[in-house]
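Fold and geometry: a report
Below, each chain spelled out in residue letters.
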Amino acid sequence: MIFRMGKYLNVGNAGFASIRKSNYVDKTGMISFVNGTLGTSDKLTCVSRPRRFGKSFAAKMLCAYYDRSCCSRELFEGMKISADKSFDEYLNQYDVIYLDITEFTSDAFIKGEIPNIVINLEARVIEELSAAYPNVEREADLPNMLYGIAEATGHKFIFIIDEWDALFREDKRDSMLQESYIQLLRGLFKNSGKTDKMIEAAYMTGILPIKKYGTHSAMTDFREYTMTQPEPLEEFVGFTQQEVQELCTGSRIAFDEIRKWYDGYRMGDGVHIYSPKSVMEAIQRKRIGSYWTQSETTIQCRDDVLTLLVHLGYLAYDIDSRSVYIPNEEVREEFVRAVSAGKHTEVARLIQNKSKEHTCKIEEHRKKS
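Here, residues in each chain are numbered from 1, in the same order as that chain's written sequence. Totals for whole chains, interfaces and linings use all residues, but because this is a predicted model, local features are given only for residues with pLDDT of at least 70 and pairs of side-chain atoms are given and counted only at 80 or more. For side-chain calculations, the full set of non-hydrogen atoms in the structure is used, while hydrogens and water are omitted.

Let us look at the overall build of the chain. Runs of H or I in DSSP of at least four residues are treated as helices and runs of E of at least two as strands, each being numbered from the N terminus. The helix and strand tally for the chain stands at 17 helices and ten strands. The buried share of the chain, taken over its 369 residues, is 53%. Each accessible area is a Shrake-Rupley result for a 1.4 Å probe, and residues are judged covered by the shown protein chains and nothing else. Accessible surface for the chain amounts to roughly 17900 Å². Of this, 48% is attributable to carbon and sulfur atoms. For every residue, the accessible area (1.4 Å probe, protein chains only) is compared with the maximum for its type, and the residue is labelled buried under 20%, exposed over 50%, or partly exposed between those bounds.

We treat two strands as partners when DSSP finds at least two bridges between them. Taken in spatial order, the five strands line up as 2-3-4-1-5 in an open sheet, and their pairing is parallel. Here the strands that pair on one side only, and so sit at the sheet edges, are strand 2 (95–100) and strand 5 (223–225). Each neighbouring strand pair of the sheet contributes to a mean axis angle of 15 degrees, computed without reference to strand direction. Examined bridge by bridge, strand 1 (residues 44–48) and strand 4 (residues 199–206) share five bridges and lie parallel to one another. Following the sheet pairing, T45 is matched in strand 4 by Y203. By definition, residues are in contact when any of their heavy atoms lie within 4.5 Å. Convention adopted: a line fitted to C-alpha atoms gives each axis, helices being fitted over their contacting stretch, and angles between N-to-C directions are expressed from 0 to 180 degrees. On top of the sheet, helix 3 (residues 55–66) reaches strand 2, strand 3 (157–162) and strand 4; it is set at about 160 degrees to strand 3, its chief contact. Its contacts with the sheet place helix 6 (residues 101–111) against strand 2 and strand 3, and it is angled at close to 50 degrees to strand 2.

As a further point, take the side chain of S69. Along the chain, S69 turns up in the loop between helix 3 and helix 4 (73–76). Judged by relative accessible area, S69 falls into the buried class, the value being 15%. Polar contacts involving the side chain of S69 include one to the side chain of D67, which spans 2.7 Å. Contacts described as polar in this section are N or O atom pairs within 3.5 Å, which, within protein, must combine one atom able to donate a hydrogen with one able to accept it, while residues neighboring in sequence count only if both atoms come from side chains.

At their nearest, the axes of helix 7 (residues 117–132) and helix 8 (residues 142–153) sit 10 Å apart, and the two run at 20 degrees to each other. Judged by the inter-axis angle, helix 7 sits roughly parallel to helix 8. The interaxial crossing formed by helix 7 with helix 8 has left-handed handedness. Of helix 8, the residues touching helix 7 (which contributes E122, V125, I126, L129 and S130) are L142, P143, M145, L146 and I149. For this classification, under 35 degrees means roughly parallel, over 145 means roughly antiparallel, 65 to 115 means roughly perpendicular, and everything else is oblique. Left-handed describes a crossing whose near helix is turned anticlockwise from the far helix by less than a right angle; the clockwise case is right-handed.

For E170, the position within the fold is in helix 9 (residues 166–170). Residues E170 and F109, spaced 61 residues apart in sequence, show a C-alpha to C-alpha distance of 9.5 Å. When sequence neighbours within four positions are dropped, the list of residues in contact with E170 reads T105 and F109.

Turning our attention to the packing of aromatic side chains. When two rings of Phe, Tyr or Trp (its six-membered ring) have centres within 6.5 Å they constitute a pair, described as stacked for plane angles under 30 degrees, edge-to-face for angles over 60, and tilted for the intermediate range. Taken as a whole, this structure holds 15 aromatic pairs when the rule is applied. Pairing Y65 with F76 gives two aromatic rings, centres 5.8 Å apart and planes at 90 degrees, and the pair type is edge-to-face. Taken together, the residues span a long stretch of sequence, with Y65 in helix 3 and F76 in helix 4 at a distance of eleven residues. For Y65, a relative accessible area of 0% translates into the label buried. In this structure F76 comes out as buried when scored by relative accessible area, which is 0%.

Note on placement: F222 falls in the loop between strand 4 and strand 5. Residue classification places F222 among the buried residues on the basis of a relative accessible area of 8%. It is 9.2 Å that separates the C-alpha atoms of F222 and K190, two residues lying 32 residues apart in sequence. With sequence-adjacent residues up to four places away left out, F222 is seen in contact with L44, T45, C46, F189, A202, M204 and I210.

Quick look at the layout of surface pockets now. Estimated volume of the largest pocket: approximately 610 Å³. Listing elements by their share of the lining of the largest pocket, those giving two or more residues are helix 1 (14–20), helix 3 and helix 14 (276–285). Polar here means any residue outside two lists: the nonpolar Ala, Val, Leu, Ile, Met, Phe, Trp, Tyr, Cys and Pro, and the charged Asp, Glu, Lys and Arg; Gly therefore counts as polar. Of the residues in the lining of the largest pocket, the class split is 14 nonpolar, seven polar and eight charged. A 1.4 Å probe that fits but cannot get out identifies a cavity on a 1 Å grid over protein atoms alone, an open set with protein on both sides within 12 Å along at least five of seven lines counts as a pocket, and a residue lines either if it has an atom within 4 Å of a point. Grid points are joined across faces, edges and corners, and a volume is the space filled by probe spheres set on the points.

This brings us to the sheet that holds strand 6 (residues 239–240). Strand order in this open sheet of three strands is 6-8-7, and the pairing throughout is antiparallel. Strands at the two margins of the open sheet, each flanked by one partner only, are strand 6 and strand 7 (265–267). Where strand 7 lies against strand 8 (residues 271–274), three bridges are found, and the strand directions are antiparallel. Bridge pairing links M267 to V271 in strand 8. Its contacts with the sheet place helix 13 (residues 255–262) against strand 7 and strand 8, and it is angled at close to 90 degrees to strand 8.

As a further point, take the pattern of salt bridges. Whenever a carboxyl oxygen of Asp or Glu lies within 4 Å of a side-chain nitrogen of Lys or Arg, that contact is scored as a salt bridge. Taken as a whole and assessed by the stated rule, the structure comprises eleven salt bridges. Note that K43 and D196 form a salt bridge whose closest N and O atoms lie 2.5 Å from each other. Of this pair, K43 sits in the loop between helix 2 (29–35) and strand 1 while D196 sits in helix 11 (residues 192–198), and the two are 153 residues apart along the sequence. One continuous salt-bridge network, built from bridges that share partners, spans K277, E281 and R285.

The term nonpolar core refers to a set of buried residues drawn from Ala, Val, Leu, Ile, Met, Phe, Trp, Tyr and Cys, joined through side-chain atoms within 4.5 Å. Counting residues in hydrophobic clusters, the biggest one holds 65 residues, and the most contacted among them are L99, F159, W164 and F189. When residues no more than four places from it in sequence are discounted, the contact partners of F189 are L44, F159, I161, T195, I199, A202, D221 and F222. Grouped together as the second largest cluster of nonpolar side chains are 34 residues, A64, Y66, Y94 and I160 included.

What follows is the structure, given as structure tokens:
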């Protein structure tokens, strides 16, 4: 059988290949974790983290590793996963369905087809599945199409869904559209017997936790890893301190400067995490600065505020003291900019006045750790 590359089915490894050509920080250990979930009751994984923290990089890496339409051995040679006992067993062994929901929503906005996002998504994937499996009867909906292929061939699929919650963020008021989307996800991942037959694993990324959207009942089978509960995936949330130190070797920017501006997110047992985008921008531009990308901040009520800001990366969470704080200089600059733009100058001055106090506390914590 010839395995074709498509836009959604088996997209190949070009995305990860371009990432490898840059100053790549090895995060392939994530593949070992996902390999351990294949075909198990833990096969549905959802990782939520803010923008700038490498969600799409991880999705492209997983596509390159599992996609049976390409040969990715050379891309992973010398990477951490290549030394893992599971490396050869699963390398390029699956049909992978890759969905970038941000792309679908953007395309629909441009074409004025918002109400048809879910219908078009299913139709496009089914079309590629029919081309790849012409001897399997074509179905009108995606779950039944996949089930028919699994029944006829024994093949299971791996889903990689990037920015799964983009539809909720981009069109908050269209409850009917959101319900149709949830029904699709439920059809794929909720029916345990059917899901076990056709899905080997699913890996979804998003910005906010599933429960933020009131869809928890439809997604209960997903094991979720968030900014407040990342264990055991802390090192994959962003760059670790050791990784940043290695990046700074030979750079014009000293590690102490990088740490002052971008350190502050502490995961689990004292693991320090840095935003990959901010660190790489600073090193490549040879200049410290704020490379913050604003994220959506929808707040339902007062109790949502702190938790929401933690998940968006505006605040960090200290699990020991159960308190939140502004993590670093870059984010503090963004707070001051946002508050000043809103003419809340008194609050802006308060944030600036607290900077020294916060820096002292962070330095004290670093010395202890």
